[in-house]
Amino acid sequence: NRFEGRNIVTITKKLGLEYDDMKIFHKHIERFSSKKALYSIVNMVEPGTFDLDTIDEFKTPGLGFVMSLPGPEEGLKAFNIMLEAAKKFADELNGDLLDDARNRLSSQTIAHLQEEVQLFSLKYSSHTGTNL
């Protein structure tokens, strides 16, 4: 199953993602009068980019959804927003959600990922807290 470039672009526009000079798509949120990437979408084929000049002929076997922690939003909230977007892409493109080992994403795996994000967020916030 290969995803067509024009369909990918249509969905990114629907979900409010922006294409940038890195040639990937980002979901931005406004933080302190600047835009920060909540998550990004990359092409699964190296080098991971999309070329809008040839997007009508473009096809890819998969997309990668990535986010950096810590980010501009609380970790679990950001993860869940990204997960909902990934589900919309899968529905619209008739694809499957896979984990990093390319196994179908189960509710158990999702719960595990959410737990990892929460644990990271707790650990990170305890290191950046200030004591008065």
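Our structure is the block above this text.
Colleague: Just to check I follow, could you spell out unusual backbone geometry for this structure?
Modeller: Peptide bonds are trans in most cases, and residues, glycine excluded, mostly fall at negative phi. For the bond from E46 to P47, the omega torsion is 10 degrees, close enough to zero to count as cis. Among the secondary structure elements, P47 is positioned in the loop between β4 (34-43) and β5 (59-60). The phi angle at K23 is positive, at roughly 65 degrees, despite the residue not being glycine. When you line up the elements, K23 lands in the loop between β2 (18-19) and β3 (25-31).

Colleague: In this structure, what is going on with helix α2 (residues 75-93)? I would like to understand it.
Modeller: Each α-helix winds once per 3.6 residues, and so residues spaced three or four apart point in a common direction. An ideal rise of 1.5 Å per residue puts 27 Å on 19 residues; α2 measures up with 27 Å between its terminal C-alpha atoms. Looking only at α2, the buried set comprises G75, L76, A78, F79, M82, L83, A85, A86, F89, A90 and L93. Where α2 begins, the capping side chain belongs to E74, and its oxygen is found 3.1 Å from the backbone nitrogen of L76. A positive backbone phi angle near 55 degrees is found at N94, which sits one or two residues after α2.

Colleague: How should the nonpolar core be read in this particular structure?
Modeller: Among soluble globular proteins, nonpolar side chains are generally buried collectively. Core analysis: the biggest nonpolar cluster contains 25 residues, and I8, I41, F50 and F89 have the highest contact counts within it. Put simply, the parts of the chain that give this core at least two residues each are α1 (5-14), β3, β4, α2 and α3 (107-128). Sorting elements by how many residues they give to this core places α2 first, with seven residues. Not counting the four nearest positions on each side in its chain, I41 is found in contact with L17, I24, F25, F50, L63, G64, F65 and F89.

Colleague: Explanation requested: the pairing of β3 in the structure shown.
Modeller: The side chains of a regular strand alternate, first on one face of the sheet and then on the other. Here β2 runs beside β3; their pairing, made up of two bridges, is antiparallel. The residue of β3 that forms the bridge with E18 is H26. For β3 and β4, the ladder comprises seven bridges, and the chain directions are antiparallel. Bridge pairing in β4 links H28 to A37.

Colleague: Looking at this model, I keep getting lost on the environment of V42. Mind explaining?
Modeller: Within the secondary structure, V42 is located in strand β4. Along the chain, V42 and V117 lie 75 residues apart, while their C-alpha atoms are 20 Å from each other. If near-sequence neighbours (up to four positions away) are discounted, V42 is found in contact with I24, G48, F50, G62, L63 and G64.

Colleague: Help me out: how do you make sense of the sheet that holds β3 in this one?
Modeller: With antiparallel pairing, four strands are arranged side by side in an open sheet as β2-β3-β4-β6. Looking at strand neighbours, the two that pair on one side only are β2 and β6 (63-66), the edges of this open sheet. Taken strand by strand, α2 contacts β4 and β6, and its axis lies near 165 degrees from that of β6.

Colleague: Sorry, what's going on with the pattern of salt bridges here?
Modeller: Between side chains of opposite charge, a pair can form as their charged atoms come close. What the rule picks out here adds up to seven salt bridges. A salt bridge links D56 to R6, with the nearest nitrogen and oxygen atoms 3.8 Å apart. One end of the pair, D56, is in the loop between β4 and β5; the other, R6, is in helix α1, with 50 residues separating them in the sequence. For D56, a relative accessible area of 51% translates into the label exposed.

What counts as what
Residues numbered from 1 in each chain as written. Predicted model: local features only at pLDDT ≥ 70, side-chain atom pairs only at ≥ 80, totals over all residues. Heavy atoms only, no water. Helix = DSSP H or I, 4+ residues; strand = E, 2+ residues; numbered from the N terminus. Expected span 1.5 Å × (residues − 1). Buried < 20%, exposed > 50% of the residue type's maximum accessible area, 1.4 Å probe, protein only. Polar contact = N/O pair within 3.5 Å; in protein donor to acceptor, adjacent residues only side chain to side chain. Core = buried A, V, L, I, M, F, W, Y, C linked by side-chain atoms within 4.5 Å. Contact = heavy atoms within 4.5 Å. Pairing = 2+ DSSP bridges. Axes fitted to C-alpha atoms, helices over the stretch in contact; angles between N-to-C directions. Salt bridge = Lys/Arg side-chain N within 4 Å of Asp/Glu carboxyl O.

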